[in-house]
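Results of the structural survey
So you can see what is in the structure, the chains are spelled out below.
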Amino acid sequence: MSKQAFNYASPSSAASTAEPDLSLLAGLSDEEWAKFAHYLERVEFSAHNLLVRAGEQDPSVYILAEGRVAITADEQGAQPLVEFGPGDVFGEIAFLDREPRSAFVRALTDGRSFRLTREKFEYLSAWEPRIAQQFLLDLGQSLSARLRWTTSALVDARSKQR
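Residues numbered from 1 in each chain as written. Predicted model: local features only at pLDDT ≥ 70, side-chain atom pairs only at ≥ 80, totals over all residues. Heavy atoms only, no water.

**Here's the deal with the sheet that holds strand β2 (residues 50–52)**
- What the four strands build is an open sheet, ordered β2-β7-β4-β5; its pairing is antiparallel. Each of the sheet's edge strands pairs with one partner strand only, and the pair in question is β2 and β5 (80–84). Neighbouring strand axes in the sheet, compared pairwise and without regard to direction, differ in orientation by 30 degrees on average.
- Bridge count between strand β4 (residues 69–72) and β5: four bridges; the pairing is antiparallel. Across the sheet, residue I71 finds its bridge partner in β5, namely V82. (Pairing = 2+ DSSP bridges. Helix = DSSP H or I, 4+ residues; strand = E, 2+ residues; numbered from the N terminus. Axes fitted to C-alpha atoms, helices over the stretch in contact; angles between N-to-C directions.)

Here it is, written out as structure tokens:
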């Protein structure tokens, strides 16, 4: 796998057209990408499959390579909170805090992602600390961008209610 496997797309929401600018590990060399890829598990999925269940205990993070997924508050996915495409990351909250999953993730299309378990990340940290550090920094930047986007959407919604 090379860094071309990721498109570095931004999330889109049914509620808003504003999108945070996200990229994950864009600064890695091809050699570093090969090292990082060693720790990833490839996950293929079909449209409509439930990929992550709220409440399950799985501290893994997923990097979406192909396809689209919806993050939802309910198992049926009736009201998607946000949609993600290639290059986006999901599952990062449970990965970072080791608490149960906070939402459901359902595939909207066929696709492929790469899973990094917490255990594999700990090996990555020990053997490739620069790559692990860059991954955490980029993950933090992604979370910050999403939080800013969410805050902006809430402020906009509140101002429309007045």
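**Some remarks on the side chain of R106**
- Locating R106 in the fold gives a position in strand β7 (residues 104–107).
- At 5.3 Å, E75 is the nearest oppositely charged side chain to R106, a buried residue that forms no salt bridge.
- In this structure the side chain of R106 is engaged in a polar contact, spanning 2.5 Å, whose partner is the backbone oxygen of E75.
- Those residues in contact with R106 that sit more than four places away from it in its chain are H48, N49, L50, V69, A70, E75 and Q76. (Buried < 20%, exposed > 50% of the residue type's maximum accessible area, 1.4 Å probe, protein only. Lys, Arg positive; Asp, Glu negative; His and termini not counted. Salt bridge = Lys/Arg side-chain N within 4 Å of Asp/Glu carboxyl O. Polar contact = N/O pair within 3.5 Å; in protein donor to acceptor, adjacent residues only side chain to side chain. Contact = heavy atoms within 4.5 Å.)

**Some thoughts on the packing of aromatic side chains**
- Tallying each qualifying case throughout the model produces six aromatic pairs.
- Here F95 and F121 contribute two aromatic rings whose centre-to-centre distance is 5.4 Å and whose plane-to-plane angle is 80 degrees, an arrangement assigned as edge-to-face. With F95 in helix α2 (residues 92–97) and F121 in helix α3 (residues 118–127), this pair connects stretches of sequence that are 26 residues apart.
- On the basis of relative accessibility, which here comes to 1%, the residue F95 falls in the buried class.
- Residue class for F121 comes out buried when judged on its relative accessible area of 7%.
- The structure contains a cluster of three or more aromatic residues connected by ring pairs, namely W33, F36, F95, F121 and F135. (Phe/Tyr/Trp six-rings, centres within 6.5 Å; stacked < 30°, edge-to-face > 60°.)

**Here we look at the pairing of β4**
- Burial along β4 is two-sided: the face carrying V69 and I71 and the face carrying A70 and T72 are both buried.
- Taken together, the four bridges between β4 and β7 define a ladder with antiparallel strand orientation. The residue of β7 that forms the bridge with V69 is A107.

**Some remarks on the packing of α3 against helix α4 (residues 129–161)**
- Running from N to C, α3 and α4 point in directions that differ by 125 degrees, and their axes come no closer than 5 Å. The orientation of α3 with respect to α4, classified from their angle, is oblique. Where α3 approaches α4, its residues F121, L124, S125, A126 and W127 are matched on the opposing element by P129, I131, A132, F135 and L136.
- Here the residues of the contact of α3 with α4 are counted per class, giving nine nonpolar, one polar and no charged. (Parallel < 35°, antiparallel > 145°, perpendicular 65-115°, else oblique. Nonpolar A, V, L, I, M, F, W, Y, C, P; charged D, E, K, R; others polar.)

**A short note on the side chain of R112**
- Positionally, R112 belongs in strand β8 (residues 111–117).
- Taking relative accessible area as the criterion, R112 reaches 11% and is therefore assigned buried.
- Polar side-chain contacts of R112 include one of 2.5 Å to the side chain of E66.
- The residues contacting R112, other than those within four sequence positions of it, are R42, V43, E44, F45, L64, A65 and E66.

**Brief notes about the sheet that holds β8**
- Across the sheet, which stays open at both edges, the four strands sit in the order β1-β8-β3-β6 with antiparallel pairing between neighbours. Strand pairing shows two members of the sheet lacking a second neighbour, β1 (41–45) and β6 (89–90), which therefore form its edges.
- Here strand β3 (residues 60–66) pairs with β8 via six bridges, running antiparallel. Looking at β8, one finds that V61 is bridged to L116.

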